[in-house]
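# Observations on the three-dimensional arrangement
If you want the building blocks of each chain, they are given just below.
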Amino acid sequence: MSPPLSMETNAKAELMKRLACDQLQLVSTDNCTFSTSQKELGKLDFARIPNGCNGIEDRLSVVYSEGVDNGLLSVCDFVR
């Protein structure tokens, strides 16, 4: 992510803590592996923007390992 969400060293832990206590309800990213020239295809015509969303499989595994495996979230909380 550019710029990074936070330069604070405890930012990731704090976000997971807030997810665990329901102060944060959504985990998302704007990461995508399209090049600048590919992204510019949709600059004047939205229909030409490349399709796809990179990283969804990684988000789930990161939230599971950081939340469930570390005891911050139950499996039910993870699914919710």
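Residues numbered from 1 in each chain as written. Predicted model: local features only at pLDDT ≥ 70, side-chain atom pairs only at ≥ 80, totals over all residues. Heavy atoms only, no water.

### Focus on unusual backbone geometry
- Not every positive phi belongs to a glycine, and D22 is a case in point at roughly 65°.
- With respect to the helices and strands, D22 occurs in the loop between α1 (11-20) and α2 (36-39).
- Looking at D22, the relative accessible area reads 41%, which means it is partly exposed. (Helix = DSSP H or I, 4+ residues; strand = E, 2+ residues; numbered from the N terminus. Buried < 20%, exposed > 50% of the residue type's maximum accessible area, 1.4 Å probe, protein only.)

### Notes on a nonpolar patch on the surface
- On the surface, Y64, V75 and V79 cluster together to form a nonpolar patch covering roughly 280 Å² of accessible area.
- With respect to the helices and strands, V79 occurs in helix α4 (residues 75-79).
- Assessed through its relative accessible area of 66%, V79 is described here as exposed. (Patch = residues over 30% accessible without salt bridge, like charges linked within 9 Å, V, L, I, M, F, W, Y side chains within 5 Å. Areas by Shrake-Rupley, 256 points an atom, 1.4 Å probe, with all protein chains shown as cover. Salt bridge = Lys/Arg side-chain N within 4 Å of Asp/Glu carboxyl O.)

### Some remarks on the pattern of salt bridges
- Counting across every chain of the model gives four salt bridges.
- Put simply, R18 and E14 hold a salt bridge, and the shortest N to O gap is 3.0 Å. With R18 and E14 both in helix α1, this residue pair falls four residues apart, about one helical turn.
- The class for E14 is partly exposed, based on a relative accessible area of 24%.
- Linking R80 and D22 is a salt bridge whose minimum nitrogen-to-oxygen distance equals 3.6 Å.

### What to know about the nonpolar core
- By size, the foremost hydrophobic cluster in this structure holds five residues: M16, L19, V63, V68 and L73.
- Listing elements by their share of this core, those giving two or more residues are α1 and α3 (56-68).
- What V68 contacts, discounting residues up to four positions off in sequence, is V63, L73, S74, V75 and F78. (Core = buried A, V, L, I, M, F, W, Y, C linked by side-chain atoms within 4.5 Å. Contact = heavy atoms within 4.5 Å.)

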